[in-house]
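Geometric and topological summary
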Amino acid sequence: MVGVRAGLSRSTFSAFVEEELSELEALGGTVSEDHRMGVAAGIDVALPLASAIELRVGGAYVQKGYSLDVSGAGGRASSRLEIDYLQFSALGRLGSSRDGPLSVGVLLGPWVGARLSCQGIFDIDLPEIGSISESESCGGDGRKLDFGVAVGGGVELAISQSLSLGLDLVYSIGLSRIDSDPDAPKNRSLALQAGVVIPLGG
């Protein structure tokens, strides 16, 4: 089975970035961590291993990152880090038979991501100076590779013998810190994807 899927990812980090958090707290007000909404799109091939078990091997473009926001009577400031990855995965799928019109399964397995781009963005809006926005590429900073495990589930609805519609919800847990700092955070990402599933040769 070949699957082509696309959807949205909701990403954040496992912990605050302490240095940036301290800079924002110095401005006063309320500090909060937020997520990054991005895109997750890719293609995969499901190989049958047993009657109800498959190995889904695939690659996807996934946008990850986070933001920190501080607001108060004196103004507002935010700091964002946007990292895009080419992510490869090998997920086991345990599910119901594909003989019927509806197949339901759970997914679990490892993934590894190669960093494609990384950008830091800082926005500040203060009455005294107005609005300022700066961005900077991460360049050689940070790790080029990320890895972790993914867990989720999905449903597939057959609309013909040669085509099914699929919907997956997968949570990816990063096990590698984004850079060499021992206090650096790890990626977390929840992706909702829809697409088509086609039998090989069908």
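This text gives an overview of the structure that appears in the document. No experiment lies behind these values; they were computed from the predicted model shown.

Concerning the state of the cysteines
Tallied over the full model, the rule gives one disulfide. The disulfide partner of Cys118 is Cys138, and the S-S distance across this bridge is 2.0 Å. Judged by the sign of its S-S torsion, about -50°, the cystine formed by Cys118 and Cys138 is left-handed. With Cys118 in strand S6 (residues 102-126) and Cys138 in the loop between strand S7 (130-137) and strand S8 (145-160), this pair connects stretches of sequence that are 20 residues apart.

Let's talk about empty space enclosed by the protein
Per the stated rule, a full pass over the model turns up two cavities of 30 Å³ or more. By volume, the largest cavity is sized at about 330 Å³. Considering the residues around the largest cavity, the lining is formed by 22 residues, among which Ala60, Gln87, Ser89, Leu91 and Gln193 are closest to the centre. A total of five residues in the lining of the largest cavity trace back to one element, the largest contributor, which is strand S4 (residues 53-72). For the lining of the largest cavity, the residue count by class is 10 nonpolar, eight polar and four charged.

Some points on the environment of Ser162
Within the secondary structure layout, Ser162 lies in the loop between S8 and strand S9 (163-177). A relative accessible area of 32% places Ser162 in the partly exposed class. Ser162 sits 37 residues away from Pro199 along the chain, and the two C-alpha atoms are 6.1 Å apart.

So, how was this worked out
- Residues numbered from 1 in each chain as written.
- Predicted model: local features only at pLDDT ≥ 70, side-chain atom pairs only at ≥ 80, totals over all residues.
- Heavy atoms only, no water.
- Disulfide = S-S within 2.5 Å.
- Helix = DSSP H or I, 4+ residues; strand = E, 2+ residues; numbered from the N terminus.
- 1 Å grid on protein atoms, 1.4 Å probe; cavity = no way out; pocket = protein on both sides within 12 Å on 5 of 7 lines; lining within 4 Å.
- Points joined across faces, edges and corners; volume = space filled by probe spheres on them.
- Nonpolar A, V, L, I, M, F, W, Y, C, P; charged D, E, K, R; others polar.
- Buried < 20%, exposed > 50% of the residue type's maximum accessible area, 1.4 Å probe, protein only.

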